[in-house]
Amino acid sequence: MSPGPFLLGLSLGGRRVVAVGGGAVTVRRVRDLLDEGAVVEVVAPQVAPELSAWAERGEITWTPRRYAGAPDLAGAFLVHTATGDPDTDRRVAADAEAAQTFCVNAGDAAAGSAQVPARAVVPTPTGEVRIAVHAGGDPARAASVRTGLEEHLTSGVVNLRGRRPHGGWVALVGAGPGDEQLLTRRAATLLAAADVVVTDRLVPRALLARLPESTRVVDVGKSPHHHPVPQHEIIRILVEEALRGRGVVRLKGGDPYVLGRGGEERAACEAMGLSVEVVPGITSAVSVPAAAGIPVTHRGLARGFTVVTGHEELPGLPTGGDHTLVVLMGVAGLRETAARLVGAGRPASCPVGIVENGWTPQQRVTLGTLADIADRAERVGVASPAVVVVGDVVTLAHGWPARAEGAGAVA
């Protein structure tokens with residue numbers, strides 16, 4: 001078996017790289033080289049529009065002629081040739097070899113002294129994790145393996161925590177509505193890179209179970225009428241842990257910026273000079289109704305929706321059934337809310353749906369109208385967490401016809 005390439009990362013920032021050829025392959029490679037800060041000269045009689053634009057802006061140098069020989073490569077740390085002419089590419093590679101300069105021959109990888117692997121970058125708050133795959137000269141196989149590795153690294157199952165001292169950071173991460181499969185990849189990556197996870201009670205438990213054993217989990221969960229860790233104490237934990245040089249994920253159910261006090265936490269952390277990243281989650285205001293078959297908007301039924309909390313007085317809102325009202329944290333005050341909406345002009349016959357424990361095996365849906373939803377909810381024992389939806393779109397819920405026939409709660 002012939003030896004494969006020695007895998008090595010090159011630092012090309014501020015270093016001269018010569019690219020011979022002006023086509024699409026050169027465009028891709030020059031884009032990568034510019035991202036790395038290389039000083040690039042392109043030698044080609046004609047170039048693709050992207051290369052011409054970069055030259056006009058002074059981002060690269062373009063020598064508009066055919067390759068003239070070894071002098072074109074003088075001072076280069078790396079050479080890339082992709083002319084489409086095998087003879088010219090071989091000549092460039094030979095001149096680079098004579099000058100003891102590594103050369104990538106895009107037309108014949110085996111004929112060059114360097115090869116470009118299939119690559120990917122996984123950013124973390126403590127630095128990028130880079131993937132490079134060579135597969136015996138088979139670029140399609142290398143790309144396939146690279147993609148698989150990238151997916152694995154961003155799945156949350158690989159410990160991405162920094163092993164050297166680093167500056168502290170905070171990420172406000174939305175965990176979505178309850179099903180761990182609805183977590184974003186960025187959220188999973190940050191969880192795998194965190195030293196400390198400060199979590200609320202509505203996040204999927206399976207996410208926490210998969211964290212590395214060395215990750216410290218701080219449970220600050222709140223339930224109705226029971227806030228064992230007040231908000232100011234949560235902010236203190238975030239700030240102090242990050243100031244100690246730790247990576248901190250504040251993991252919230254739903255989205256941190258939808259009635260999740262994420263804005264307060266971000267402002268407090270940034271006021272202390274901390275870096276804060278916000279990762280949106282799938283908000284329960286939209287996704288939990290969807291789990292019951294209720295779209296918050298629907299052509300012919302509703303053209304808009306409003307999200308409010310049931311803990312506060314409801315503001316003046318459109319009163320027609322064609323404007324959907326989504327109430328979060330609204331179970332305790334459901335009877336008062338229904339009465340207030342009817343008093344403001346919504347018809348007592350306006351449909352209402354309550355979705356408990358959305359996207360979990362315990363999901364349950366209770367359907368009714370403003371006139372009877374409080375009684376129905378009390379009869380079946382509706383409890384938080386739940387999302388209340390008011391409006392004509394509720395008639396699209398799974399089981400609505402059955403409710404109209406007197407079936408009551410729909411599981």
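About the cut-offs
- Residues numbered from 1 in each chain as written.
- Predicted model: local features only at pLDDT ≥ 70, side-chain atom pairs only at ≥ 80, totals over all residues.
- Heavy atoms only, no water.
- Buried < 20%, exposed > 50% of the residue type's maximum accessible area, 1.4 Å probe, protein only.
- Helix = DSSP H or I, 4+ residues; strand = E, 2+ residues; numbered from the N terminus.
- Contact = heavy atoms within 4.5 Å.
- 1 Å grid on protein atoms, 1.4 Å probe; cavity = no way out; pocket = protein on both sides within 12 Å on 5 of 7 lines; lining within 4 Å.
- Points joined across faces, edges and corners; volume = space filled by probe spheres on them.
- Nonpolar A, V, L, I, M, F, W, Y, C, P; charged D, E, K, R; others polar.
- Salt bridge = Lys/Arg side-chain N within 4 Å of Asp/Glu carboxyl O.
- Pairing = 2+ DSSP bridges.
- Axes fitted to C-alpha atoms, helices over the stretch in contact; angles between N-to-C directions.

*Asks:* Any details on helix α5 (residues 185-193)? Residues and values, ideally.
*Replies:* Spacing of three or four residues puts side chains on the same side of an α-helix, whose turn is 3.6 residues. Across the nine residues of α5, seven count as buried, placing the element largely inside the fold. Along α5, the residues classified as buried are Ala 187, Ala 188, Thr 189, Leu 190, Leu 191, Ala 192 and Ala 193. Where the residues of α5 are buried, they touch β6 (118-124), α4 (139-153), β8 (169-174), β9 (196-199), β11 (247-252) and β12 (275-279).

*Asks:* Requested: an account of empty space enclosed by the protein, with residues and values cited.
*Replies:* The tally for this structure, following the rule as stated, stands at two cavities of 30 Å³ or more. By volume, the largest cavity amounts to about 60 Å³. Along its surface, the largest cavity is lined by Ser 155, Gly 156, Leu 183, Ala 188, Leu 191, Ala 192, Leu 207, Arg 210 and Leu 211. With three residues, the top contributor of residues to the lining of the largest cavity is α5. Looking at the lining of the largest cavity, its residues break down into six nonpolar, two polar and one charged. Quantified by volume, the second largest cavity comes out at close to 30 Å³. If you go around the second largest cavity, the residues you meet are Val 327, Leu 334, Thr 337, Ala 338, Leu 341, Val 352, Leu 370, Val 388 and Val 390. Mapped by element, the contributors of at least two residues to the lining of the second largest cavity are α10 (334-343) and β17 (386-390). Ranked by the residues each element gives to the lining of the second largest cavity, the list is headed by α10, at four residues. Partitioned by chemical class, the residues of the lining of the second largest cavity number eight nonpolar, one polar and no charged.

*Asks:* How would you explain the layout of surface pockets if you had to name every residue and give the values?
*Replies:* Approximately 1,100 Å³ is the volume found for the second largest pocket. What lines the second largest pocket is a set of 34 residues, and nearest its centre among them are Leu 8, Gly 9, Leu 10, Gln 115 and Pro 117. Within the residue set of the lining of the second largest pocket, elements represented by two or more residues are α1 (24-35), β4 (78-81), β5 (102-105), β6 and β7 (127-133).

*Asks:* Outline the pattern of salt bridges, supporting the account with residue identities and numerical values.
*Replies:* In the structure shown here, the tally under the stated rule is 25 salt bridges. Between Arg 161 and Asp 195 there is a salt bridge, with its nearest N and O atoms 2.9 Å apart. Within this pair, whereas Arg 161 is found in the loop between α4 and β8, its partner Asp 195 is found in the loop between α5 and β9, the two being separated by 34 residues in sequence. Among the ionic pairs, Glu 378 bridges to Arg 335, the shortest N-O distance being 3.0 Å. Of this pair, Glu 378 sits in helix α11 (residues 373-380) while Arg 335 is found in helix α10, placing the two residues 43 residues apart along the sequence. A relative accessible area of 57% means that Glu 378 is categorised as exposed. A relative accessible area of 38% means that Arg 335 is categorised as partly exposed. A single salt-bridge network, built from bridges that share partners, covers Arg 216, Glu 233, Arg 236, Glu 240, Glu 241, Arg 244 and Arg 246.

*Asks:* Give me the lowdown on the sheet that holds strand β13 (residues 304-309), citing residues and values where you can.
*Replies:* Reading across from one edge, β13-β14-β17-β15-β16 is the order of the five strands in this open sheet, with mixed pairing throughout. Strands at the two margins of the open sheet, each flanked by one partner only, are β13 and β16 (364-369). Along the sheet, successive strands turn relative to each other by an average axial angle of 20 degrees, direction set aside. Bridge analysis of strand β15 (residues 351-356) against β16 gives six bridges, and the strand direction is antiparallel. For Gly 353, the partnering residue across the bridge sits in β16 and is Leu 367.

*Asks:* Tell me about unusual backbone geometry, residues and numbers included.
*Replies:* In this structure, the amide linkage connecting Ser 384 to the following residue, Pro 385, adopts the cis form with an omega of 0 degrees. Inspection of the secondary structure puts Pro 385 in the loop between α11 and β17. Positive phi is not limited to glycine here, since Leu 259 has a value of about 50 degrees. Checked against the element boundaries, Leu 259 lands in the loop between β11 and α8 (262-271). Residue Leu 259 is classed as partly exposed on the basis of its relative accessible area of 42%. Within the chain, Met 329 stands out as a residue other than glycine whose phi angle is a positive 55 degrees. Take Met 329: it is sitting in the loop between β14 (323-328) and α10.

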